[in-house]
Amino acid sequence: MKNFDLKNFFAVFFSLIFFLTAQNVHAEKTDWTDQNFNFKTVKKIVVFDIDSAVDLSRYGSAIQYKVSSDYLDRAMKKSKCQVITEAQARQMLGGVSREVLRQNIASIADAWVECKIKLWNDSFYIVPEHTVWEEKRMTRTHSYGDGSTWEETYYITVPVTYPPHRVDVSEIISSFEAFSAQTKQPIFVRDDSRDREDYQAQKDMFGRMCNSFFEDFGKKVK
């Protein structure tokens with residue numbers, strides 16, 4: 001029984017280490033909500049175009065299209081509101097600027113949402129050569145007195161050396177702000193910071209950021 005427990009311990013231990021190493025993801029959200037605002041009054045929102053402190057054009061047009069489409073798609077599917085794009089809102093008010101739109105937005109919507117991508121960074125680190133103890137399955141054959149045989153399966157722990165390897169890291173920080181159309185004051189704000197050990201994974205993380213924000217916003221207004 002002791003040998004069996006030891007074998008299972010090593011199997012679980014090394015499986016857990018591998019899983020955590022392969023799926024290293026970090027996410028941190030910080031929210032603020034105006035507790036005095038009646039979110040039930042919000043039926044229509046204007047979703048402003050994304051502002052970015054990062055030039056996403058250097059990653060290609062497909063990335064820019066995906067980021068923008070995911071943002072609007074999540075707003076339409078998750079916010080529980082009628083969504084008006086910034087371009088549509090400006091046209092409705094006669095082709096006004098963004099600042100003029102903010103000042104007159106109460107005539108067409110109950111609130112508006114702004115998003116800014118503050119960080120979009122790729123980095124990496126090197127995992128040095130290292131040796132770990134791993135479980136290895138073994139078999140051996142035994143003979144009975146009558147000449148027949150039976151096979152025994154057992155496990156041993158052996159050192160396994162892994163060569164150095166590179167681990168890519170994708171980082172993204174975004175903010176989402178919802179404002180009251182009447183007071184022009186923020187009503188729901190989120191700072192969302194995420195990173196994962198993967199190559200250029202920001203586009204997918206941003207989609208999840210949008211999904212999370214608009215889903216939580218939708219819970220407030222429904």
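None of the values given here were measured: they were computed from a predicted structure.

Participant: Tell me what's going on with a positive patch on the surface, and back it up with residues and numbers.
Facilitator: Taken together, the side chains of Lys 40, Lys 43, Lys 80 and Lys 222 define a basic patch exposed on the protein surface. Position of Lys 80 among the secondary structure elements: in the loop between α2 (61–78) and β4 (82–85).

Participant: Mind laying out the pattern of salt bridges, listing which residues take part and the relevant values?
Facilitator: In total, this model carries 18 salt bridges according to the counting rule given. Arg 90 is paired through a salt bridge with Glu 86; the nearest N and O atoms lie 2.6 Å apart. Taken as a pair, Arg 90 and Glu 86 lie in helix α3 (residues 86–92) at a separation of 4 residues, close to a single helical turn. A relative accessible area of 28% places Arg 90 in the partly exposed class. According to the relative accessible area criterion, Glu 86 is buried, its value standing at 1%. Via salt bridges that share partners, Lys 66, Asp 70, Asp 73, Arg 74 and Lys 77 belong to a single interconnected network.

Participant: Report on the environment of Lys 29, specifying residues and quantitative values.
Facilitator: Relative to the assigned elements, Lys 29 resides in strand β1 (residues 25–33). Counting along the chain gives 163 residues from Lys 29 to Asp 192, while the straight-line C-alpha distance between them is 4.5 Å. Other than its neighbours up to four places away in sequence, Lys 29 contacts Arg 190, Asp 191, Asp 192, Arg 194, Ser 212 and Asp 216. Only 3.1 Å separates the side chain of Lys 29 from the side chain of Ser 212, close enough to count as a polar contact.

Participant: With reference to specific residues and values, describe the environment of Gln 82.
Facilitator: By the secondary structure assignment, Gln 82 is in strand β4. Since its relative accessible area comes to 44%, Gln 82 is described here as partly exposed. Spatially, the C-alpha atoms of Gln 82 and Lys 44 are 4.6 Å apart, while their sequence positions differ by 38 residues. Each residue touching Gln 82, except ones within four places of it in the same chain, is listed here: Lys 43, Lys 44 and Ile 45.

Participant: Explain the nonpolar core to me, and be specific about the residues and the numbers.
Facilitator: Counting residues in hydrophobic clusters, the biggest one holds 33 residues, and the most contacted among them are Val 42, Ile 45, Tyr 71, Trp 120, Phe 176, Phe 206 and Phe 217. Sorting the residues of this core by element identifies β2 (44–47), α2, β5 (111–127), β8 (165–180), β9 (186–196) and α5 (202–221) as the ones contributing at least two each. Considering each element in turn, this core owes the most residues, 8 residues, to α5. Look past the residues within four positions of Val 42 in its chain and what remains in contact with it is Phe 37, Cys 81, Asp 110, Ala 111, Phe 217 and Val 221.

Participant: Talk me through the side chain of Ser 212; I want residue IDs and the actual numbers.
Facilitator: Relative to the helices and strands, Ser 212 resides in helix α5. Polar side-chain contacts of Ser 212 include one of 3.0 Å to the side chain of Arg 190. Among all residues touching Ser 212, those that are not within four sequence positions of it are Lys 29, Arg 190 and Arg 194.

Participant: Please set out α2 residue by residue, giving values where relevant.
Facilitator: Look at α2: 26 Å from first C-alpha to last across 18 residues, which is about the 26 Å you get at 1.5 Å a residue. Among all positions of α2, only Ile 63, Val 67, Asp 70, Tyr 71, Arg 74 and Ala 75 are buried. Down the axis of α2, the sector holding all buried residues measures 125°, keeping them to one side. Exposed residues lying more than 90 degrees from the buried face of α2 are Ala 62, Tyr 65, Met 76 and Lys 77. Packed against the buried residues of α2 are β2, β4, β5, β8 and α5.

Participant: Let's hear about the side chain of Thr 85: which residues, and what values?
Facilitator: Among the structural elements, Thr 85 can be located in strand β4. Residues contacting Thr 85, with those up to four places away along its chain left out, are Val 46, Val 47 and Leu 72.

Participant: Lay out the pairing of strand β7 (residues 149–162) in plain terms, naming residues and giving numbers.
Facilitator: Residues in a regular strand point their side chains to alternate faces of the sheet. As defined by bridge partners, strand β6 (residues 130–143) adjoins β7 across 14 bridges and the pair is classed as antiparallel. Opposite Glu 135, over in β7, you have Thr 157 as the bridge partner. Hairpin connection from β6 to β7: 5 residues lie between these consecutive antiparallel strands, with Gly 147 at a positive phi of about 95°.

Participant: Mind laying out the environment of Ala 75, listing which residues take part and the relevant values?
Facilitator: Following the sequence through the fold, Ala 75 ends up in helix α2. Sequence separation between Ala 75 and Glu 215 is 140 residues; the distance between their C-alpha atoms is 8.3 Å. What Ala 75 contacts, discounting residues up to four positions off in sequence, is Val 47, Val 83 and Phe 214.

Cut-offs and rules
Residues numbered from 1 in each chain as written. Predicted model: local features only at pLDDT ≥ 70, side-chain atom pairs only at ≥ 80, totals over all residues. Heavy atoms only, no water. Patch = residues over 30% accessible without salt bridge, like charges linked within 9 Å, V, L, I, M, F, W, Y side chains within 5 Å. Areas by Shrake-Rupley, 256 points an atom, 1.4 Å probe, with all protein chains shown as cover. Salt bridge = Lys/Arg side-chain N within 4 Å of Asp/Glu carboxyl O. Lys, Arg positive; Asp, Glu negative; His and termini not counted. Charge placed at Lys NZ, Arg CZ, Asp CG, Glu CD. Helix = DSSP H or I, 4+ residues; strand = E, 2+ residues; numbered from the N terminus. Buried < 20%, exposed > 50% of the residue type's maximum accessible area, 1.4 Å probe, protein only. Contact = heavy atoms within 4.5 Å. Polar contact = N/O pair within 3.5 Å; in protein donor to acceptor, adjacent residues only side chain to side chain. Core = buried A, V, L, I, M, F, W, Y, C linked by side-chain atoms within 4.5 Å. Expected span 1.5 Å × (residues − 1). Arc of directions from axis to C-beta. Pairing = 2+ DSSP bridges.

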